[in-house]
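The lines below spell out each chain.
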Amino acid sequence: MPRDAETTTTEAVVTIDKAASAPGTTASGGAGDRGELAAIARARTAGLRRALGINGVRIALVLVWLGSWELAARHLIDPFYYSMPSKIWERLVGWFTEGTAQGSIWEQISVTLQEAVAGFALGAAGGVVLGIVLGRSRFLSDVCAPFIKAVNAIPRIILASLFIIWFGLGMQSKIATAFVLVFFAVFFNAFQGAREVDRNLVNNARILGAGRFQVLWTIVVPSATSWILASLHSAFGFAIIGAIVGEYTGADKGLGLLINHSQGTFDSAGIYAGMIIITVLALLAEYLLTLLEGRLLRWRPAASGHDVQI
């Protein structure tokens, strides 16, 4: 069930439960209990119908898009340049059953994932720590601001080329590229989150005797968690981009090398197939990060059912 549909159903049930527990609303007999159960069942049914409707429309859009592409490639456009869904599917099946020119497809996926996860972990940790530290120290932030902005302004493709020279064609250069992309995405959110902490809350904690570390750990970090987790959703996508860009620049294994090889042989189906694999990996990571966010932010009030969730 989609996340927005689950939220709508949960809020409806919670609202019914609150209404049922309010004074003067609970019936003394079994009729009231049956009414409450019926209302909960209707809310759940409505949420399920909404989820099915959303998924149905999504599947229909994908089928229409793929069907129109297939027909256009067979009758209107040159499939040599634009490929077609049937050829992309054949390429995916071939990669997963027979392997690629660079070896097993699972080995290519494993290498890219290792690079992306390592760069994501290091970049997120560095961005969170430095963002919170500079966010709470105006002197340090004023000193480091021009240097951070200067490094952030450097095109990443140039850094990827430098990392290839510095660290070679192995995983280290790809991890470094992913690290740079993730670091700045997380840093600016952590910095802003640390700056947005309620001053009155901090002052009250200090009046009660809390030290600097206690204020940082019990107030600043929890307050910045929403900002940090919001940045992590896009940060893993940046980590995959960093790994792919590094592999595309120069590598001996990985999905980026596979796409680069497909480009060199004018295999448009191979390029699309590589894109699909990368997209699936990014969506799986997004799903896991959403679960993590839900566990860490249980204390936060539920969003309104009318809010649009992406």
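Presented here is a report on the structure given in the accompanying data block.

So, how was this worked out
Residues numbered from 1 in each chain as written. Predicted model: local features only at pLDDT ≥ 70, side-chain atom pairs only at ≥ 80, totals over all residues. Heavy atoms only, no water. Helix = DSSP H or I, 4+ residues; strand = E, 2+ residues; numbered from the N terminus. Buried < 20%, exposed > 50% of the residue type's maximum accessible area, 1.4 Å probe, protein only. Contact = heavy atoms within 4.5 Å. Axes fitted to C-alpha atoms, helices over the stretch in contact; angles between N-to-C directions. Parallel < 35°, antiparallel > 145°, perpendicular 65-115°, else oblique. Left-handed = near helix turned anticlockwise from the far one by under 90°. Nonpolar A, V, L, I, M, F, W, Y, C, P; charged D, E, K, R; others polar. Expected span 1.5 Å × (residues − 1). Phe/Tyr/Trp six-rings, centres within 6.5 Å; stacked < 30°, edge-to-face > 60°. Patch = residues over 30% accessible without salt bridge, like charges linked within 9 Å, V, L, I, M, F, W, Y side chains within 5 Å. Areas by Shrake-Rupley, 256 points an atom, 1.4 Å probe, with all protein chains shown as cover. Salt bridge = Lys/Arg side-chain N within 4 Å of Asp/Glu carboxyl O.

1. What about the overall build of the protein chain?
Each helix and strand in the protein chain was counted, giving 12 helices and 0 strands. Start at the N end of the protein chain and walk to the C end: the helices and strands fall as α-α-α-α-α-α-α-α-α-α-α-α. Here the protein chain holds 310 residues, and 36% of them are scored as buried. If you take every contact in the protein chain between residues at least 6 apart in sequence, the share linking residues at least 24 apart comes to 75%.

2. A word on the packing of helix α5 (residues 105-136) against helix α8 (residues 171-195)
The contact between α5 and α8 brings their axes to 6 Å, and the two run at 30 degrees. Classified by the angle between their axes, α5 and α8 sit roughly parallel to one another. Crossing of α5 against α8: the hand is right-handed. Residue composition of the contact of α5 with α8, grouped by class: 20 nonpolar, 7 polar and 4 charged.

3. Comments concerning helix α4 (residues 85-98)
Between its terminal C-alpha atoms α4 stretches 19 Å, which fits the 20 Å expected from 14 residues at 1.5 Å a residue. Of the positions making up α4, those classed as buried are Pro-85, Ile-88, Leu-92, Gly-94 and Trp-95. Following α4 by one or two positions, Gly-99 adopts a phi angle in the positive range, close to 95 degrees.

4. Considerations on the packing of aromatic side chains
All chains considered together, the criterion is met by 15 aromatic pairs. Between Trp-69 and Tyr-272, the aromatic rings sit 5.1 Å apart at their centres with planes inclined by 70 degrees, giving edge-to-face as the arrangement. Residue Trp-69 is found in helix α2 (residues 30-75), and its partner Tyr-272 is found in helix α12 (residues 268-296); the two are separated by 203 residues along the sequence. Feature note: the residues Phe-179, Phe-183, Phe-184, Phe-187, Phe-188 and Phe-191 constitute an aromatic cluster, connected by ring pairs.

5. Some thoughts on α12
Compared with an ideal rise of 1.5 Å per residue, which puts 29 residues at 42 Å, α12 spans 42 Å between its outermost C-alpha atoms and is within 8% of the ideal. Three or more residues of α12 are buried, namely Ser-268, Ala-269, Gly-270, Ala-273, Gly-274, Ile-277, Ile-278, Leu-281, Ala-285, Leu-289, Thr-290 and Glu-293.

6. What to know about the side chain of Thr-177
Structurally, the position occupied by Thr-177 is in helix α8. Judged by relative accessible area, which is 3%, Thr-177 ranks as buried. Those residues in contact with Thr-177, other than ones at most four positions away along the chain, are Ala-160, Phe-163 and Gly-242.

7. Side note on the packing of helix α6 (residues 138-153) against α8
Two elements in contact, α6 and α8, have axes separated by 13 Å at closest approach and are oriented at 155 degrees. Between α6 and α8, the crossing angle belongs to the class labelled roughly antiparallel. Here the hand of the crossing between α6 and α8 comes out left-handed. Within the contact between the two elements, α6 uses Arg-138, Ser-141, Ile-148, Val-151 and Asn-152 and α8 uses Phe-184, Phe-187, Phe-188, Phe-191 and Arg-195. For the contact of α6 with α8, the per-class residue count stands at 6 nonpolar, 2 polar and 2 charged.

8. Points about a nonpolar patch on the surface
A surface patch of nonpolar side chains, amounting to about 770 Å² of accessible area, comprises Val-151, Ile-154, Ile-157, Ile-158, Leu-162, Ile-165, Trp-166 and Phe-167. Within the element layout of this structure, Ile-165 appears in helix α7 (residues 156-167).

9. Notes on unusual backbone geometry
For residues besides glycine, phi is generally negative; the peptide bonds are generally trans as well. One non-glycine residue, Ser-83, lies in the positive phi region at around 55 degrees. With respect to the element layout, Ser-83 can be found in the loop between α3 (79-82) and α4. The class for Ser-83 is buried, based on a relative accessible area of 0%. Residues other than glycine seldom take positive phi values, yet Phe-266 does so here, at roughly 55 degrees. With respect to the helices, strands and loops of the structure, Phe-266 is situated in the loop between α11 (255-264) and α12. The exposure class assigned to Phe-266 is exposed, which follows from its relative accessible area of 61%.

10. Here's the deal with the pattern of salt bridges
The final tally for this structure, using the stated rule, is 3 salt bridges. Among the ionic pairs, Asp-267 bridges to Arg-91, the shortest N-O distance being 3.0 Å. Remark: Arg-91 occurs in helix α4 and Asp-267 occurs in the loop between α11 and α12; sequence separation between them is 176 residues. Classification of Arg-91 by relative accessible area gives partly exposed; the value is 28%. In this structure, Lys-253 engages Glu-107 in a salt bridge whose closest nitrogen and oxygen atoms are separated by 2.6 Å. Of the two residues, Lys-253 is situated in the loop between α10 (212-249) and α11 and Glu-107 in helix α5; the sequence distance between them amounts to 146 residues. Its relative accessible area of 34% is what places Lys-253 among the partly exposed residues. Given a relative accessible area of 30%, Glu-107 falls into the partly exposed group.

11. Here we look at the environment of Gly-242
By secondary structure assignment, the location of Gly-242 is in helix α10. For Gly-242, a relative accessible area of 0% puts it in the buried group. Placed 123 residues apart in sequence, Gly-242 and Gly-119 show a C-alpha to C-alpha distance of 8.3 Å. With residues near it in sequence (within four places) discarded, Gly-242 still touches Lys-174, Thr-177, Ala-178 and Leu-181.

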